[in-house]
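Here are the chains, one letter per residue:
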Amino acid sequence: MKSKFLYFIAVIPFLFLACNSSKKNKADSASLAESKKELSEGFHLMKNNCFSCHSPNAGIQNKVAPSMASIKKHYAEEGISYKEFAYNISAFLNNPSEQNSKMPEAIKAYNLMPKMSFTDEQISKISNYLYHSDIENPDWFTKQYPKEMNNHIKSNALSPLEQGQQIAMNTKGVLGKNLLGAIKQKGTLGALSFCSIKAIPITDSMSIALNATVKRVSDKNRNSNNAANSDELKVIATMQRAIANGSKVKPQLISSDNKHVGYYPIVTNQMCMQCHGTINSDIKPEVLSKIKSLYPNDKAIAYKENELRGIWVIEMDKE
Ligand code: HEC
Ligand code: HEC
């Protein structure tokens, strides 16, 4: 009886140990899977939102923006912690401006990057991927990029709100690239026809599968085809209230029997002012007169930075 009791006592610690260690293993593998998923999501976001302007191929000097590798080299200075790195990336993405720039020479060479609207979570996934990937390595694009593509295709499905956001951001990437390129080559006047999405073909497989349509509308539209309807005006009003309250503007999804419609904010930054800002101080007289002749009913002026210029409206079939 006594010996059995002793045996029991002796076994207890092992039971605990065994139990603890299996718990710990589980936790480790969960956090590993979690971080793999996070990385894949970070890659996904960058592929859809950044690589159209910032070539993922370090060897290619893109015409409209520095390569992602050279950006990483500027941001991941010797000895910088991940926390600082992520802080700097997030500051610039939330508000692309000269104050937040670490590459002022890039602004001179390419013009300031247009502002995009991301949630804090998306920005932290982007920083996480950029920091932990090997993107600055000259071999990354030929060796790692195809693997990342493969992983991310296998990674979990997106919600309709995220699908719509990707379609909007893909279009926005091409639009921004064309617009920045045109301003650089032809100046503001020559770039006037490049802020239109009419000429941007929708070719990615997700948009085709979802039979997606892409619109940009505004409460103060320039082109009369881009006037917001009554549903869209309600969404715009909600987003304007969020901006006025200083909170982050959230995208919205409205679903009917067979369709999802996603609404995503379009916010101004300094780059937009030359065509949508204050007459004379931002918009030069020759630009204004060309705008007036092309769009006699133009309402899209007198904006300041960080205001809601309009919204993307993405209509998708339900899967
Ligand atoms: C429409 C084209 C375009 C897209 C899309 C784009 N960028 Fe940029 N980005 C630029 C240009 C042009 C510059 C160089 C001028 C500047 O620094 O603002 C730049 C510069 C940067 C810089 C360096 C800023 C500095 O001056 O210190 C960072 C960081 C950056 N981009 C991150 C991103 C990330 C992350 C994404 C995707 C979420 C992205 N960019 C998408 C055009 C773009
Ligand atoms: C070179 C001048 C120019 C610049 C710079 C410019 N735009 Fe435009 N924008 C236009 C013109 C012209 C139109 C009308 C396009 C059309 O006919 O569809 C337009 C239309 C738009 C529309 C569609 C709604 C409407 O009013 O017809 C949005 C949204 C928009 N611009 C947002 C922006 C944002 C955001 C920026 C900065 C990132 C920007 N634009 C920079 C000239 C410009």
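Quick caveat: nothing in here was measured; it's all calculated off a predicted structure. (Residues numbered from 1 in each chain as written. Chains lettered and ligands numbered in written order. Predicted model: local features only at pLDDT ≥ 70, side-chain atom pairs only at ≥ 80, totals over all residues. Heavy atoms only, no water.)

Caption draft 1: Broad picture of the overall build of the protein. Looking only at helices and strands, the protein features 11 helices and 4 strands. The buried share of the protein, taken over its 319 residues, is 41%. Taking the contacts inside the protein whose residues are at least 6 apart along the sequence as the reference set, 71% of them involve residues at least 24 apart. Accessible surface, the protein as shown: approximately 18100 Å² in total, 57% of it carbon and sulfur. (Helix = DSSP H or I, 4+ residues; strand = E, 2+ residues; numbered from the N terminus. Buried < 20%, exposed > 50% of the residue type's maximum accessible area, 1.4 Å probe, protein only. Contact = heavy atoms within 4.5 Å. Areas by Shrake-Rupley, 256 points an atom, 1.4 Å probe, with all protein chains shown as cover.)

Caption draft 2: The confidence of the model for the protein, seen in detail. Per-residue confidence for the protein gives a mean pLDDT of 86; residues scoring 70 or more make up 87%. Low confidence marks residues 1-27, where pLDDT is under 50. Its contacts with residues over four positions away, or in another chain, come to 0 contacts. (pLDDT = per-residue confidence, 0-100.)

Caption draft 3: The coordination of the iron atom of ligand 2, seen in detail. Coordination of the iron atom of ligand 2 by the protein comes from Cys-195 (SG) and His-276 (NE2), over a distance range of 2.1 to 2.3 Å. Taken together, the 6 donor atoms surrounding the iron atom of ligand 2 define angles of 87 to 179° at the centre, an arrangement classified as octahedral. Note that Cys-195 is positioned in the loop between α7 (160-190) and α8 (205-209) and His-276 in helix α10 (residues 273-276), a separation of 81 residues in sequence. (Donors = N, O, S within 2.8 Å, 3.2 Å for Na, K, Ca; no water. Tetrahedral: all angles 85-135°; square planar, octahedral: opposite > 155°, others 65-115°.)

Caption draft 4: Quick look at the environment of Ile-107. With respect to the helices and strands, Ile-107 occurs in helix α4 (residues 104-110). A C-alpha to C-alpha distance of 9.0 Å links Ile-107 and Ala-65, two positions 42 residues apart in sequence.

Caption draft 5: Representation of the sheet that holds strand β4 (residues 308-317) within the structure. The strand order across the open sheet formed by 4 strands is β1-β4-β3-β2, and the pairing between neighbours is antiparallel. Strands with a single pairing partner mark the edges of an open sheet, and in this sheet they are β1 (213-217) and β2 (252-255). Ignoring which end each strand starts from, the neighbouring axes of this sheet average 20° apart. This element, α7, spans β1, β2, β3 (259-267) and β4 of the sheet and lies at about 125° to β4. Across the sheet, helix α9 (residues 230-244) lies against β1, β2, β3 and β4, angled at about 130° from β4, the strand it touches most. (Pairing = 2+ DSSP bridges. Axes fitted to C-alpha atoms, helices over the stretch in contact; angles between N-to-C directions.)

Caption draft 6: Representation of the coordination of the iron atom of ligand 1. In the first shell of the iron atom of ligand 1, the protein supplies His-54 (NE2) and Met-113 (SD), at 2.0 to 2.1 Å from the metal. For the iron atom of ligand 1, the 6 donor atoms in the first shell make angles of 86 to 179° at the metal, a pattern classed as octahedral. Linking His-54 in the loop between α1 (2-49) and α2 (68-75) with Met-113 in the loop between α4 and α5 (120-132), this pair joins segments that are 59 residues apart in sequence.

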